Amino acid sequence: MRYQELAVLAEFTYTIPALSRGYADQTLYVNVGHDQIVARPVSDDMKERFVGGRGFDLWLLWHAVNDATRWDSPENEIVISSGPCGGTSQYPGSGKSIAATISPLTDIVIDSNAGGHFGPYLKFAGWDAIELQGLAERDVIVTIDASAGRGGEGRVRIIEVPDDCPVDTHVLGHWINSTFAASESDRQLMAFVSTGSGSRATRMGCLNFSLYDRKRRDLRYKQAGRGGIGTVFRHKRIRAVIVHTTPFGADTNGPADPARIARTGADMRQEITRWDPVQNRMRSRGTSYLVQIMNDYDLLPVKNFQFGTHEDAPQISGDVWEQRFTQNMPDGCWYGCTLACAHAVDNYRVQTGPYAGGCVIVDGPEYETIAGVGSNCGIFDPAAILEINFYCDTYGIDTISFGTSMAFAMECFEAGVLTEDLTGGIDLSFGNADGALAVLHQMAEGVGFGLILGQGIRRMKQIFVERFDADPCFVDDIGMEAKGLEYSEYMTKESLAQQGGYGLTNKGPQHDEAWLIFMDQVNNQIPTFEDKAEALHYFPMWRTWFGLCGFCKLPWNDVVDPENALSVDPAKVPHHVENYIQIFSGVTGHEVTADDLIRMSERVYNLQRVFNLRLGKGQRDHDRVPYRSQGPVTPAEYLSRQDRYDRQLRDWLGLDPNTMTTEEKLAAHREHRTDQYERLIDAVYARRGWTSNGIPTPDTLRALDLADASILEVVQRYL
Ligand code: SF4
């Protein structure tokens, strides 16, 4: 079928603008419930205060919803934006898209970033962001056709999905290519967002962002995984959003000073080429290099975060994946990324489920997937990890939420909370990859125990207590979620700062806000509460800034010149911060300082906090974390690190462990560790300018130029 034969439900034409200093100066609003398409201007105020990316997402969402909006309300939106630097191809890692919505897992705003070509292409097509609102009555595809080029006529359409259109992403992609792309160059200039069948009956649906891999001449996908954005997408009955742009180059983003960007980018590319081969080897192993490091430092989640190391970890380490990944391919998720960590396994033969026997590309696995569906579930078989990775992606299921939820279910199974009677005959012992896959296929079909696991840990806990007679304290302690979002894959028991790095986030425990374990636990660089609070102010703001502009975090600190160690503040990587100042100024024409970058983020970060308050969350109670993230829950956990825990009882509390039972030791640790976390919350709130209940004060908001009446009114409800 060709696209000309498809039923068009709505059409909108526009003149494709040239980009100026990183912006198209308009956003695209599409209501799939009302078949409505509108262009909206971007004001200077919006650019100055919210920058782009996550900032634009939040600001547009803020105006789209009301206090009672929930994830499945028609007015909830999915907003996607790349930011002013998105689409820059001279500096590594400048092509991220950031998506946001009200999450079906957390009932607050979730933001999640992805590589792939969609965000930059959307901007090249003339749109700084897209808002997707409404609930369609039948499945639709949104197309944005800017193939006419600058000054030409662009066309946005809502198209009815025909019966032969597949749902799961890897087959949908081939259908889209054959339907909408007449030539190889069309395929290269097209990108789309989709999800899969797994997002229909679960709350952890992800979005897949496509990229056409020129070397492989095939499609690949990067995921905006967190918080169920794919579930919202599917609920809106959007099968795909496709953008088709024209050939682009270094100046398409309209930078103010292209030479400055080229100079800075050349330096950085040289640095990566020189140091990556002798540091993390991300160009050949991707983020899988982290497995061995985490295992060595007792930080790799094993069996639902009980343990931090396992003798079989080398079987899933970076060296193993280096052998599996196809080498000598420029595996960047956007053009010009020299770090090129986005590896894939080609010609993978699918073993199970509806696509068994098929030959596919598996994107990844990345560290989070290896640790989440691997070690955390007691699975150390690379083939099983690949199979789960492939199906999570094509079904549109977040590998982190799936892995952490499965690990929780497995521990419950081994503890007798779940039985085969309750799982429908599936053995969910740790290490049983067949059981995990059986549940994953059920999630896509919307049947059996897959329906329960797909609700995520917070709702599973409730089901287990109410229907399966589980001990509420036990499942609360071991269920690794906060705010309703499943933990990403790092052990935090010995890093109080990282407990805050997960707990004191706006969206839930995701490492893209703060990762302080080495500074805190390994290098002891932030020993006091004030030190930790300062780190929990600076680093979340700094990392937020990447999401405002369209940058990937990895080139910031995953490869550094060794001379960085001699700088005043090596954890911040000052030389790279300077690079970002140069790129931002070079694109937008605004001269900025390092402090300006933090202030941009602080404004957006506080807006997100107030957004949570508006939706009835965002107070101190919501920043608490499960005890498994703070300390040992079970005697087995205690005994696995008895020497360390006994020493801590002596050093921290002046107790004699030789006179105590294991239960007494567990209780002493719990009292101390939970108290420490409360003191950390106090210190962080004070540093962030929030009340002791976590409410941004009016003074804080005014100082951030965020004193809009609608924002202050929300805050006043809580003061
Ligand atoms: S470092 Fe990796 S994830 Fe980041 S932009 Fe480059 S290829 Fe993509």
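Since we're looking at a predicted model, the values are computed, not measured.

**Some words on the overall build of the protein chain**
Assigned secondary structure in the protein chain consists of 29 helices and 17 strands. Over its C-alpha atoms the protein chain spans a radius of gyration of 24 Å, differing by no more than 12% from the 27 Å that the globule rule assigns to 719 residues. Taken over the C-alpha atoms alone, the protein chain extends approximately 80 × 55 × 55 Å along its principal axes. Going through the 719 residues of the protein chain one by one, you find that 66% of them count as buried. In the protein chain, of all internal contacts separated by at least 6 residues, the share reaching a separation of at least 24 is 72%. For the protein chain, the accessible area works out to roughly 23600 Å², and carbon and sulfur atoms hold 47% of it.

**A short note on the domain arrangement of the protein chain**
Domain boundaries in the protein chain define domain 1 (3–244), domain 2 (258–486) and domain 3 (516–716). Taken over C-alpha atoms, the centre of domain 1 sits 31 Å from the centre of domain 3. In this assembly, 38 residues from domain 1 lie in contact with 33 residues from domain 3. Summed over both partners, the interface of domain 1 with domain 3 buries about 3200 Å², with 62% contributed by carbon and sulfur atoms. Its largest share of buried area at the contact with domain 3, domain 1 owes to R49, W62 and Y91, together 26% of the area lost on that side. With a shortest N-O distance of 3.0 Å, D67 and R614 are connected by a salt bridge. Applying the counting criterion to the domain 1 and domain 3 interface returns 20 residue pairs in polar contact (both at pLDDT 80 or more).

**Some details on the layout of surface pockets**
Within this model, the second largest pocket holds a volume of roughly 410 Å³. What lines the second largest pocket is a set of 17 residues, among which E494, L496, D520, K532 and W652 lie closest to the centre. Looking at the lining of the second largest pocket, the elements that each hand over two or more residues are α19 (496–503), α20 (517–522), α21 (529–549) and α27 (662–688). Taken together, the residues of the lining of the second largest pocket sort by class into four nonpolar, eight polar and five charged.

**Quick word on the packing of α21 against α27**
Where α21 contacts α27, the axes come no closer than 8 Å and their chain directions differ by 55°. Taken together, the axes of α21 and α27 are oblique relative to one another. Crossing of α21 over α27 shows right-handed handedness. The residues of α27 that touch α21, namely those facing F529, K532, A533, E534, L536, H537 and P540, are Q676, R679, L680, A683, V684, R687 and R688.

**Comments concerning the site of the ligand**
Every residue lining the ligand is accounted for by G93, K96, G332, C333, C337, L339, A340, C341, A342, C552 and L554. In terms of residue class, the shell around the ligand is made up of eight nonpolar, two polar and one charged.

**Examining a nonpolar patch on the surface**
Residues W652, L653 and L655 make up a contiguous nonpolar surface patch of roughly 250 Å² in combined accessible area. As for its placement among the helices and strands, L653 is situated in helix α26 (residues 642–653). Judged by its relative accessible area of 34%, L653 is partly exposed.

**Looking at the sheet that holds strand β13 (residues 238–244)**
Sheet architecture is open: seven strands sit in the order β1-β9-β8-β13-β10-β11-β12, paired in mixed fashion. Only two strands of the sheet have a single neighbouring strand rather than two, namely β1 (8–15) and β12 (218–224). With strand direction ignored, the average angle separating the axes of adjacent strands in the sheet is 15°. Bridge count for strand β8 (residues 140–145) against strand β9 (residues 153–160) is six bridges, and the pairing is antiparallel. Opposite D145, over in β9, you have R155 as the bridge partner.

**What about the packing of α26 against α27?**
Running from N to C, α26 and α27 point in directions that differ by 60°, and their axes come no closer than 11 Å. Relative to α27, the element α26 lies oblique. Seen along the crossing, α26 lies across α27 with a hand that is left-handed. Of α27, the residues touching α26 (which contributes Q642, Y645, D646, Q648, L649, W652 and L653) are K665, A668, H669, H672 and R673. Broken down by class, the residue content of the contact of α26 with α27 amounts to five nonpolar, four polar and three charged.

**So, the nonpolar core**
Formed by 207 residues in total, the largest nonpolar core has its most connected members in I144, F402, F464 and W545. Of the residues forming this core, the biggest block, twelve residues, is contributed by α21. If we skip the residues at most four places from it in the chain, W545 touches F551, Y580, F584, L597, M600 and S601. Judged by nonpolar contacts, the second largest core, of 17 residues, contains I141, L172, I176 and I242.

**What about the pairing of strand β2 (residues 26–31)?**
Where burial is concerned, most of β2 is hidden: six out of the six residues are buried. Direction of pairing for β2 relative to strand β3 (residues 36–41): antiparallel, over a ladder of six bridges. When the sheet's bridge partners are listed, T27 is paired in β3 with R40. Connecting the antiparallel pair β2 and β3 is a turn made up of four residues, with D35 showing a positive phi of about 50°. The pairing of β2 with strand β7 (residues 129–133) spans four bridges and is parallel. Directly across from N31, in β7, lies its bridge partner Q133.

**Remarks on the pattern of salt bridges**
Tallied over the entire structure, the rule returns 59 salt bridges. Ionic pairing is found between K507 and D111, a salt bridge with its closest N-O pair at 2.9 Å. With K507 in the loop between α19 and α20 and D111 in strand β6 (residues 109–114), the pair connects residues that are 396 residues apart, well separated along the chain. Of the two residues, K507 and D111, both sit in the buried class. Between R670 and D477 there is a salt bridge, with its nearest N and O atoms 2.6 Å apart. Separated by 193 residues along the polypeptide, R670 in helix α27 and D477 in helix α18 (residues 472–478) bring together distant segments of the chain. Residue classification places R670 among the partly exposed positions, given a relative accessible area of 31%. Judged by relative accessible area, D477 falls into the buried class, the value being 13%. Beyond isolated ion pairs, a larger network of salt bridges with shared partners links D213, R216, R220, K222, D331, D346, D363 and E366.

**Re the side chain of N506**
Within the fold, N506 resides in the loop between α19 and α20. Taking relative accessible area as the criterion, N506 reaches 0% and is therefore assigned buried. Polar contacts involving the side chain of N506 include one to the main-chain carbonyl oxygen of Y605, which spans 3.1 Å. Those residues in contact with N506 that sit more than four places away from it in its chain are I108, K483, E513, Y605, Q608, R609 and N612.

**Let's talk about the sheet that holds β7**
With respect to topology, six strands assemble into an open sheet ordered β3-β2-β7-β4-β5-β6, the strand pairing being mixed. Each end of this open sheet is capped by a strand with a single partner; those strands are β3 and β6. Strand-to-strand twist across the sheet, computed as the mean angle between neighbouring axes with direction ignored, equals 15°. Relative to strand β5 (residues 97–102), strand β4 (residues 78–81) runs antiparallel, the two being bridged by three bridges. Following the sheet pairing, S81 is matched in β5 by I98.

Conventions we followed
Residues numbered from 1 in each chain as written. Predicted model: local features only at pLDDT ≥ 70, side-chain atom pairs only at ≥ 80, totals over all residues. Heavy atoms only, no water. Helix = DSSP H or I, 4+ residues; strand = E, 2+ residues; numbered from the N terminus. Rg over C-alpha atoms; globule rule 2.2 N^0.38 Å. Buried < 20%, exposed > 50% of the residue type's maximum accessible area, 1.4 Å probe, protein only. Contact = heavy atoms within 4.5 Å. Areas by Shrake-Rupley, 256 points an atom, 1.4 Å probe, with all protein chains shown as cover. Domains from an automatic or database assignment. Buried area = accessible area lost by both parts, 1.4 Å probe. Salt bridge = Lys/Arg side-chain N within 4 Å of Asp/Glu carboxyl O. Polar contact = N/O pair within 3.5 Å; in protein donor to acceptor, adjacent residues only side chain to side chain. 1 Å grid on protein atoms, 1.4 Å probe; cavity = no way out; pocket = protein on both sides within 12 Å on 5 of 7 lines; lining within 4 Å. Points joined across faces, edges and corners; volume = space filled by probe spheres on them. Nonpolar A, V, L, I, M, F, W, Y, C, P; charged D, E, K, R; others polar. Axes fitted to C-alpha atoms, helices over the stretch in contact; angles between N-to-C directions. Parallel < 35°, antiparallel > 145°, perpendicular 65-115°, else oblique. Left-handed = near helix turned anticlockwise from the far one by under 90°. Near = heavy atom within 4 Å. Patch = residues over 30% accessible without salt bridge, like charges linked within 9 Å, V, L, I, M, F, W, Y side chains within 5 Å. Pairing = 2+ DSSP bridges. Core = buried A, V, L, I, M, F, W, Y, C linked by side-chain atoms within 4.5 Å.

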